[in-house]
Amino acid sequence: SIRQVEVTDNAASFMGQRIRTLSPDIRDILQHAACFGTLFSDRELATISDRPIARIQEATAEALQEGFLLLAKREKDKTAIYKFSHDQVESAVYRQLSETGRKSHHLHIGRLILCDELPIEGSQRLFAIAEQLNKGSGLITEAEERLNLAEINLSAGRKAKLSAAFEPAYKYFQAGLELLSPQTWSTHYQLCLSLHIEGAEAAYLNGSFDVTQTLFN
């Protein structure tokens, strides 16, 4: 209803005002956290925001006190795992970044995961790399890095398709296709062909028959 929209908008506006009262340093740390994911440790925040762990602990202590963060759990090695206190808090923090700022943060995080400076264990690593780099792909200018990301999307899409996650699979294949230039067909034919075929199959399995026809054509 209109009333619910007004309440939501007012709450978001109030949250944004509260966040702006924080120091620029803490806001920047929280913005990196909002780009990273639902849960984040003090060590991960130190890596992605390029700050000493002691500074992260000071910043998260203040954010906890102000009600922006919650302590989700503490590991045996005393690593603290945090989350935002509410989805609206996370959204308000994220919205305060410019579009270029968001892309820059996501690209930075994706590159850190890719080179193992930001370790993510298990099956989610591939998806985390693809998600982060895709969100920052608009800032990738080097042809080699764009091709590498297209390969990553092909792998992520195939992995998602094997789990019957056809909609995410199609999105990965589509993201891979968008990274290709017209010249790529002559230089990386197999990659282009694989992305088209896999994308068409995922679209078909997802019920998007018009997309399937377009890709096969």
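The coordinates are above.
Undergrad: It is not clear to me how the overall build of the chain should be interpreted in this structure. Could you clarify?
TA: The helix and strand inventory of the chain stands at 12 helices and three strands. Projecting the C-alpha coordinates of the chain onto the three principal axes gives extents of approximately 55 × 45 × 30 Å. Considering the chain as a whole, with its 217 residues, one finds that 40% of them fall into the buried category. Of the contacts formed within the chain by residues at least 6 apart in sequence, a portion of 56% connects residues at least 24 apart.

Undergrad: How should helix 4 (residues 53-65) be read in this particular structure?
TA: With 13 residues, helix 4 should reach 18 Å at 1.5 Å per residue; the first-to-last C-alpha distance of 18 Å fits that figure. The complete set of buried residues in helix 4 reads Ile56, Ala59, Thr60 and Ala63. Angular distribution of buried residues about the axis of helix 4 spans 100°; they occupy a single face of the element. Here the buried face of helix 4 lies against helix 2 (24-36), helix 3 (42-49), strand 2 (69-74) and strand 3 (80-84).

Undergrad: Can you help me understand the sheet that holds strand 3 in this one?
TA: Strands pair in a sheet through their backbones, by hydrogen bonds, and they do so in one of two ways: parallel or antiparallel. Pairing is antiparallel across the open sheet formed by three strands, whose spatial order is 1-3-2. If you trace the sheet from one side to the other, it starts and ends with strand 1 (40-41) and strand 2, each paired once. By the bridge criterion, five bridges tie strand 2 to strand 3 in an arrangement that is antiparallel. What sits directly across from Lys73, in strand 3, is Ile81. Here helix 2 sits on the sheet in contact with strand 1, strand 2 and strand 3, set at roughly 85° to strand 3.

Undergrad: Sorry, what's going on with the packing of aromatic side chains here?
TA: Aromatic rings considered in pairs are described by the distance between their centres and by the relative angle of their planes. This structure, assessed with the given rule, holds three aromatic pairs. Above the face of the Phe127 ring, Lys159 is positioned so that its terminal group lies 5.7 Å from the ring centre.

Undergrad: What am I meant to see in the environment of Ala92 here?
TA: Counting through the fold element by element, Ala92 comes out in helix 5 (residues 87-95). Along the primary structure Ala92 and Ile197 are separated by 105 residues, whereas in three dimensions their C-alpha atoms are 39 Å apart. Non-local contacts of Ala92, meaning those with residues more than four positions away in its chain, are made with Met15, Gly16 and Ile19.

Undergrad: Can you help me understand the side chain of Ser137 in this one?
TA: Its location among the elements puts Ser137 in the loop between helix 7 (124-135) and helix 8 (143-162). Ser137 has contacts with Arg146, Leu149 and Leu179, leaving out every residue within four places of it along the chain.

Undergrad: Can you help me understand the environment of Ala33 in this one?
TA: Along the chain, Ala33 falls in helix 2. In this structure Ala33 comes out as buried when scored by relative accessible area, which is 0%. In this structure, the C-alpha to C-alpha distance between Ala33 and Phe84, residues 51 residues apart in sequence, is 8.8 Å. Non-local contacts of Ala33, meaning those with residues more than four positions away in its chain, are made with Phe40, Leu45, Ile48 and Phe84.

Undergrad: For this particular structure, what's the right way to read the packing of helix 2 against helix 4?
TA: Helix-helix packing is characterised by the crossing angle of the two axes and by the distance between the axes. Two elements in contact, helix 2 and helix 4, have axes whose closest approach is 10 Å; the angle formed by their N-to-C orientations is 90°. As the angle between them shows, helix 2 and helix 4 are arranged roughly perpendicular. On helix 4, the residues that touch Asp25, Ile26, Ile29 and Leu30 of helix 2 are Arg55, Ile56, Ala59, Glu62 and Ala63. Considered class by class, the residues forming the contact of helix 2 with helix 4 number six nonpolar, no polar and three charged.

Undergrad: Would you take a moment to explain the environment of Thr79 for this structure?
TA: By the element assignment, Thr79 lies in the loop between strand 2 and strand 3. Residue Thr79 is classed as buried on the basis of its relative accessible area, which comes to 7%. Along the chain, Thr79 and Arg43 lie 36 residues apart, while their C-alpha atoms are 7.3 Å from each other.

Basis of the calculations
Residues numbered from 1 in each chain as written. Predicted model: local features only at pLDDT ≥ 70, side-chain atom pairs only at ≥ 80, totals over all residues. Heavy atoms only, no water. Helix = DSSP H or I, 4+ residues; strand = E, 2+ residues; numbered from the N terminus. Buried < 20%, exposed > 50% of the residue type's maximum accessible area, 1.4 Å probe, protein only. Contact = heavy atoms within 4.5 Å. Expected span 1.5 Å × (residues − 1). Arc of directions from axis to C-beta. Pairing = 2+ DSSP bridges. Axes fitted to C-alpha atoms, helices over the stretch in contact; angles between N-to-C directions. Phe/Tyr/Trp six-rings, centres within 6.5 Å; stacked < 30°, edge-to-face > 60°. Lys NZ or Arg CZ within 6 Å of the ring centre and 35° of its normal. Parallel < 35°, antiparallel > 145°, perpendicular 65-115°, else oblique. Nonpolar A, V, L, I, M, F, W, Y, C, P; charged D, E, K, R; others polar.

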